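The residues making up each chain are set out below.
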Amino acid sequence: MAEQNGVRRYLALGDSFTEGVGDRHPLMPNGVRGWADRVAERLAKAEPGWEYANLAIRSKRLRHIIDEQLESALAMNPTLISLYAGGNDILDLGTDMDRLMEEYRELVAALASTGARLILFTGYDVKVSALLEPLKKRNTYYNERVREIAAEHDAVLVDYWCFDAYSDPRMWDTDRLHMSKAGHKYLAARVLEQLGVPHRIKEKDWSPPTRRGFREWEAAQRRWVHDWVLPLFGRKLRGVTLGDTLGPRWPEPVKVPRKGGLRKLAERRLLEAERNGGRP
């Protein structure tokens, strides 16, 4: 991949999908790791010297990504950019899909103007609840347009919609909307393969999922509604999101250590903060 000013730099933009929600790691910024961190680490292993920034924050709509992430992205002279945006807008009932995808097209064009190689993603049809089935038409429209826009800019297209592995519920976190650790690892492997970067990420070798009886299924449904659905609607009523108090995980480009990866860097920063009395 071509360098910008002698530096190879990978920049990740978007929402919870790219932030890494569902792949918990207590030592990492915002308490998560995610597929993008894994891609950055494998890039550095294959070709030392890569820098990485991740501006993605959970719950962000497309307009937030444009307003809060685009300017910083353009200033970083990236070599490689990944973008997933619009998934949260699809879940908002009042979204004008034509306008959304036109704004998405403009965002991609602005990112392409940097000369960086682009990675774009289709969305997955998450089987959360029959209540969300009417959104399938929106998902299909979104994916069709993303494929067109990716072709216009010769972008790498990661066609997430087509990955049958995600039909296994174990690829999803307990909220059923975000990938689990296994899901993030699987996606990282697919992205690296699309880029032609070698990796040793192994897929989970699971036995077939056991069938649950009605009582077990009903209890799981009640837990999910109590733990995730009701709090989600409560936040919507209050006009707040889980990302309101968070900043980007890696807001400035960091050189990815070839050994130990970003976890080593995070641990080093925590030690420095402890020595400085809690200040980074």
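You'll find the structure just up there.
Residues numbered from 1 in each chain as written. Predicted model: local features only at pLDDT ≥ 70, side-chain atom pairs only at ≥ 80, totals over all residues. Heavy atoms only, no water.

### Brief notes about the packing of aromatic side chains
For the structure shown, the criterion picks out 17 aromatic pairs. Taking the centre distance of 5.5 Å and the plane angle of 45° together, the rings of Tyr124 and Tyr160 count as tilted. Placement of Tyr124 in the loop between β4 (117-121) and α6 (136-152) and of Tyr160 in the loop between β5 (156-158) and α7 (181-195) is noted, with a sequence separation of 36 residues between them. Across this residue pair, the class does not change: Tyr124 and Tyr160 are buried. An aromatic cluster of at least three residues, connected via ring pairs, comprises Phe17, Trp35, Tyr84, Tyr104, Phe121, Tyr124, Tyr142, Tyr160, Phe163, Tyr166, Trp172 and Tyr186. Cation over ring: Arg190 sits above Tyr186, and NZ or CZ is 4.3 Å from the ring centre. (Phe/Tyr/Trp six-rings, centres within 6.5 Å; stacked < 30°, edge-to-face > 60°. Helix = DSSP H or I, 4+ residues; strand = E, 2+ residues; numbered from the N terminus. Buried < 20%, exposed > 50% of the residue type's maximum accessible area, 1.4 Å probe, protein only. Lys NZ or Arg CZ within 6 Å of the ring centre and 35° of its normal.)

### Brief notes about the pairing of strand β1 (residues 9-14)
Extensive coverage of β1 is indicated by the burial of 6 of its 6 residues. In terms of strand pairing, β1 meets strand β2 (residues 51-54) through 4 bridges, oriented parallel. Across the sheet, the residue bridging to Leu11 is Ala53, located in β2. Sheet topology places β1 next to strand β3 (residues 80-84); 5 bridges connect them, and they run parallel. Of the residues in β3, the one forming a bridge with Tyr10 is Leu80. (Pairing = 2+ DSSP bridges.)

### Some details on the side chain of Glu41
Among the structural elements, Glu41 can be located in helix α2 (residues 35-46). Of note is the side chain of Glu41, whose polar atom sits 2.9 Å from the backbone nitrogen of Leu262. Beyond its immediate chain neighbours, meaning those up to four positions away, Glu41 contacts Arg33, Val256, Gly261, Leu262 and Arg263. (Polar contact = N/O pair within 3.5 Å; in protein donor to acceptor, adjacent residues only side chain to side chain. Contact = heavy atoms within 4.5 Å.)

### Observations regarding the pattern of salt bridges
Once the charged atoms of two side chains with opposite charge are near each other, the side chains can pair. Following the criterion strictly, the structure yields 17 salt bridges and no others. Here Arg190 and Glu203 are joined by a salt bridge, their closest N and O atoms 3.4 Å apart. Here Arg190 is found in helix α7, whereas its partner Glu203 is found in the loop between α7 and α8 (214-238), with 13 residues between them in sequence. Here Arg190 falls in the buried class, since its relative accessible area comes to 11%. Given a relative accessible area of 51%, Glu203 falls into the exposed group. Three or more residues joined by partner-sharing salt bridges are found here, namely Glu102, Arg105 and Glu152. (Salt bridge = Lys/Arg side-chain N within 4 Å of Asp/Glu carboxyl O.)

### Here we look at the nonpolar core
Judged by nonpolar contacts, the single largest core of 69 residues is most densely connected at Tyr10, Trp35, Leu83, Tyr104, Tyr166 and Leu187. Per element, the largest residue contribution to this core is 8 residues, and it comes from α7. Sequence-distant contacts of Tyr166, that is, excluding residues within four places in its chain, are made with Tyr124, Tyr160, Met171, Trp172, Met179, Gly183, Tyr186 and Leu187. (Core = buried A, V, L, I, M, F, W, Y, C linked by side-chain atoms within 4.5 Å.)

### Focus on the packing of helix α5 (residues 97-112) against α6
In contact at an axis separation of 11 Å, α5 and α6 are set at 25° when each is read in the N-to-C sense. Relative to α6, the element α5 is oriented roughly parallel. As α5 packs across α6, the resulting crossing turns out to be right-handed. Between α5, through Met97, Asp98, Met101, Glu102, Tyr104, Arg105 and Val108, and α6, the contact on the second element is made entirely by Arg138, Tyr141, Tyr142, Arg145, Val146, Glu148, Ile149 and Glu152. Within the contact of α5 with α6, the residues separate by chemical class into 8 nonpolar, no polar and 7 charged. (Axes fitted to C-alpha atoms, helices over the stretch in contact; angles between N-to-C directions. Parallel < 35°, antiparallel > 145°, perpendicular 65-115°, else oblique. Left-handed = near helix turned anticlockwise from the far one by under 90°. Nonpolar A, V, L, I, M, F, W, Y, C, P; charged D, E, K, R; others polar.)

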